[in-house]
Amino acid sequence: EKQGFRHFMLKEIYEQPSVVRSCLETYLDASWSKEKAEEKSPINLGLAGELCDNVDYIQIVACGTSWNASMVGKYLLEQLAGIPTMVQYASEFRYSPAPMLRNTLTIGVTQSGETADTLAALEMEKQRRMALESPYNAQILGITNRPESTLAHMVDRIINTQAGIEIGVAATKSFIAQLMGFYCLAIDLAYRRQHLSADKLESLVKGLRELPNQIELILSQQEKQIEELAHEFIDTQDFIFLGRGINFPIALEGALKLKEISYIHAEGYPAGEMKHGPIALLDAKVPVVAIAMPGDVHDKVLSNAQEAKARDARLIGVTPTDDNEARATFNDLLFVPHVDELLSPIISVIPLQLLAYHIAARRGLDVDQPRNLAKSVTVE
Ligand code: M6R
C-alpha cells in the first residue's frame, strides 16, 4: 500500500535508495578491491562468454523511459567499455531496421517485459539473424524488472533490475534500476575487455556504493524546497529541460515525467542545440531547467543557460555548485551532491522526478493514473 505517502509515485521515488542498495548487493562483489582486479571483475551479472565476448557493436531497442535509460546506457557502454552502441525506438526499428552488423549484441530494455513494440522488434531481430550463418550473433539480452514476463522468456539472458512492483504509471524507481543495470553491464564489459584501469574501476565502484546515501540526502534536503517551487508553476504551459553528454537523456526524462503527469508541454534538448531552434520559444513564461553537473560539459551548460536567461527565461539549475557564478546564473538552485560525471544521471534525475510530481500533485491531477496512459503498452 501507500505507506503514508499521498501517491504511489512519491512512495516509489522514496524507495530509490533501497533499490540502488539491493542492486549493489546483488551485482557488486563485496569482496572486490583493486588488488583483486587481476583475478576477478567487480561485477557479477552471470553473463556467459558467448553472450558478451567478441562483441563489436551493441544495439538497444526500447520505448519511453526505458529508451531514455538506454541513452544513458549508450554513453556508458561507449565511454567505459569502448563498444559503439546504437539506441533505437522499438516502434521505429520494427519497420526500418538498420542493416545488420556482425558481432552485435542486441539488448531489449523494458520495465514490464510486456511492451508490444519492444517484444516484436526483438523477435524480428532474432529471426533475421538466425536466418544467417555465424558470425552474425543472434544473442539477445533483456533488461527488465519482471523476470516472469514475456520478454524474459524470449531472450537468452536477462539482467533483473529488481526494483519491485511499480504501480505509478510514471516510471521512477524502475528507471533508476535500469540505470544501475547499465552501470553493471558497462563495467563488466569494460573489465572483460580490459578497457579500464584498476584505479578507474575502483573509483567507479566506490562512487556507486555512495549513491544510496546521496539519493537519501537529496530526498531529505530538497523535497520541501521543490514542493514550494512547484507552486509557482501552476499556470505554466511550457517547460524546457537542457542537459549535455550523459545528462542529455536526463533532460529528456525530466521532460517526459513532467508532461505525462502534469500535462504541461515540456521538451528536453541537448543544451547546445537550443540555439538551433528552441531558443525562439523562450520568454518570461517558459521556465528552463538546466542540468549543470561538474565535468567536461559543465561550463558549456552554464553558458547555454546564460543564453536562455538573456531571453528572460526563469532558470532552474540542478547542480552541486554553490558559487557566485551559479547564483548569478540561476533563479532557483536545486542542490545535489557532487559526484563523478559518469555517475551523475542517478543523482540529477531525482530533483526532476520530485519537480514533476509536485507540479502534478499541486494541480490536483491523478498522478498515479494519468489520462490516456497505461502502465504497460501491450498494443502496437
Ligand atoms: O514497460 P516498458 O519499460 O517497456 O514501458 C515503456 C514505456 O511505455 C514507459 O517507460 C512509459 O514511457 C512510462 N510511462 C514513462 O514514465
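Residues numbered from 1 in each chain as written. Predicted model: local features only at pLDDT ≥ 70, side-chain atom pairs only at ≥ 80, totals over all residues. Heavy atoms only, no water.

1. Focus on the environment of S174
This is how the line gets drawn: Think of it this way: any DSSP run of H or I at least four residues long counts as a helix, any run of E at least two long counts as a strand, and we number them from the N terminus. Using a 1.4 Å probe on the protein chains alone, a residue whose accessible area is under 20% of its type maximum counts as buried, one over 50% counts as exposed, and one in between counts as partly exposed. We call two residues contacting when some pair of their heavy atoms lies within 4.5 Å.
With respect to the helices and strands, the residue S174 is situated in helix α8 (residues 173-192). The class for S174 is buried, based on a relative accessible area of 2%. A C-alpha to C-alpha distance of 23 Å links S174 and R244, two positions 70 residues apart in sequence. Each residue touching S174, except ones within four places of it in the same chain, is listed here: Q111, N145, A163 and E166.

2. Details of the site of the ligand
What counts, and what does not: Residue proximity to a molecule or strand is established when one non-hydrogen atom of the residue lies within 4 Å of it. Polar contact criterion, stated in full: a pair of N or O atoms within 3.5 Å, where within protein one must be able to donate a hydrogen and the other to accept it, and residues adjacent in sequence count only if both atoms are side-chain atoms. Only the protein chains shown count as cover for residues, and all accessible areas are computed by the Shrake-Rupley method using a 1.4 Å probe.
For the ligand, the set of nearby residues contains 13 residues, the closest of which are S66, T110, S112, T115 and E260. Between the ligand and T110 there is a distance of 2.6 Å, counted from an oxygen atom to a side-chain nitrogen or oxygen. Between an oxygen atom of the ligand and a side-chain N or O atom of K257, the distance comes to 2.9 Å. Starting from 410 Å² of accessible surface for the ligand in isolation, the protein chains cover 91%. Of all the secondary structure elements, the ones that give two or more residues to the shell around the ligand are α4 (64-79) and α10 (248-262).

3. So, the packing of α8 against helix α9 (residues 198-230)
Let me state the cut-off plainly: Interaxial angle, 0 to 180 degrees, is taken between N-to-C directions of lines fitted to C-alpha atoms, where a helix line uses only the stretch in contact. What sets the label is the angle itself: under 35 degrees gives roughly parallel, over 145 gives roughly antiparallel, 65 to 115 gives roughly perpendicular, and the rest give oblique. In this scheme the crossing of two helices becomes right-handed for a clockwise turn of the near helix relative to the far one and left-handed for an anticlockwise turn of less than a right angle. Side-chain classes are defined by residue name, with Ala, Val, Leu, Ile, Met, Phe, Trp, Tyr, Cys and Pro counting as nonpolar, Asp, Glu, Lys and Arg as charged, and the others, Gly among them, as polar.
For the pair α8 and α9, the least separation of the axes is 12 Å and the interaxial angle reads 165°. Taken together, the axes of α8 and α9 lie roughly antiparallel to each other. Of the two elements, α8 crosses α9, and the hand of that crossing is left-handed. Residues M180, Y183, I187 and Y191 of α8 pack against L201, L204, L208 and L211 of α9. Grouping the constituent residues of the contact of α8 with α9 by class yields eight nonpolar, no polar and no charged.

4. Notes on the packing of aromatic side chains
Rules: For Phe, Tyr and Trp, where Trp contributes only its six-membered ring, two rings pair if their centres lie within 6.5 Å, and the inter-plane angle classes them as stacked under 30 degrees, edge-to-face over 60, or tilted in between. Put simply, a charge is over a ring when the Lys NZ or the Arg CZ is close to the ring centre, within 6 Å, and near the line of the ring normal, within 35 degrees.
In the structure shown here, the tally under the stated rule is four aromatic pairs. Here the aromatic cluster, defined as three or more aromatic residues joined through ring pairs, consists of F233, F239 and F241. Residue placement shows R371 over the ring face of Y263; its charged tip is 3.8 Å from the ring centre.

5. Side note on the sheet that holds strand β6 (residues 238-243)
Spelled out, the test is: Note: two strands are recorded as paired if DSSP finds a minimum of 2 bridges between them.
Strand order in the open sheet formed by five strands is β7-β6-β8-β9-β10, with parallel pairing between adjacent strands. One side of each edge strand has no neighbouring strand; the edge strands of this open sheet are β7 (265-270) and β10 (332-335). Each strand of the sheet is rotated relative to its neighbour by a mean of 20°, with strand direction disregarded. Alignment of strand β9 (residues 315-319) against β10, held across four bridges, turns out to be parallel. Paired with I316 across the bridge in β10 is D332.

6. Concerning the sheet that holds strand β4 (residues 140-144)
Spatial ordering of the open sheet is given by β2-β1-β3-β4-β5, a layout of five strands whose pairing is parallel. Each edge of the open sheet carries a strand with a single partner, namely β2 (85-89) and β5 (157-160). Pairs of neighbouring strands in the sheet enclose a mean axial angle of 20°, with direction left out of account. As paired strands, β4 and β5 are joined by four bridges and run parallel to one another.

7. Points about unusual backbone geometry
A positive phi angle, close to 45°, is found at N103, a residue other than glycine. Checked against the element boundaries, N103 lands in the loop between α5 (90-93) and β3 (104-110). For N103, a relative accessible area of 21% puts it in the partly exposed group. Phi angles above zero are rare outside glycine, and Q194 is one such case at about 50°. Inspection of the secondary structure assignment puts Q194 in the loop between α8 and α9.

8. Let's talk about α8
Threshold: Here the expected length of a helix is defined as 1.5 Å per residue gap, with one fewer gap than residues.
In a regular helix each residue adds 1.5 Å, so 20 residues correspond to 28 Å; α8 covers 29 Å between its end C-alpha atoms and thus fits that length. Of all 20 residues making up α8, 19 are buried, and the element is well covered by its neighbours. A positive backbone phi angle near 50° is found at Q194, which sits one or two residues after α8.

9. Here's the deal with the confidence of the model for the protein
Detailed reading of the predicted coordinates is not advisable wherever pLDDT falls low. Rules: One number per residue, pLDDT, summarises how confident the predictor is, and it ranges from 0 to 100.
On average, residues of the protein score 95 in pLDDT, and 99% of them are at 70 or above. As scored by the predictor, the complex reaches a pTM of 0.97 and an ipTM of 0.99.

10. Considerations on the pairing of β3
Of all seven residues making up β3, seven are buried, and the element is well covered by its neighbours. With burial as the criterion, each face of β3 is covered, one bearing T104, T106, G108 and T110 and the other bearing L105, I107 and V109. As paired elements, β3 and β4 share five bridges and run parallel to each other. Bridge pairing links T106 to I140 in β4.

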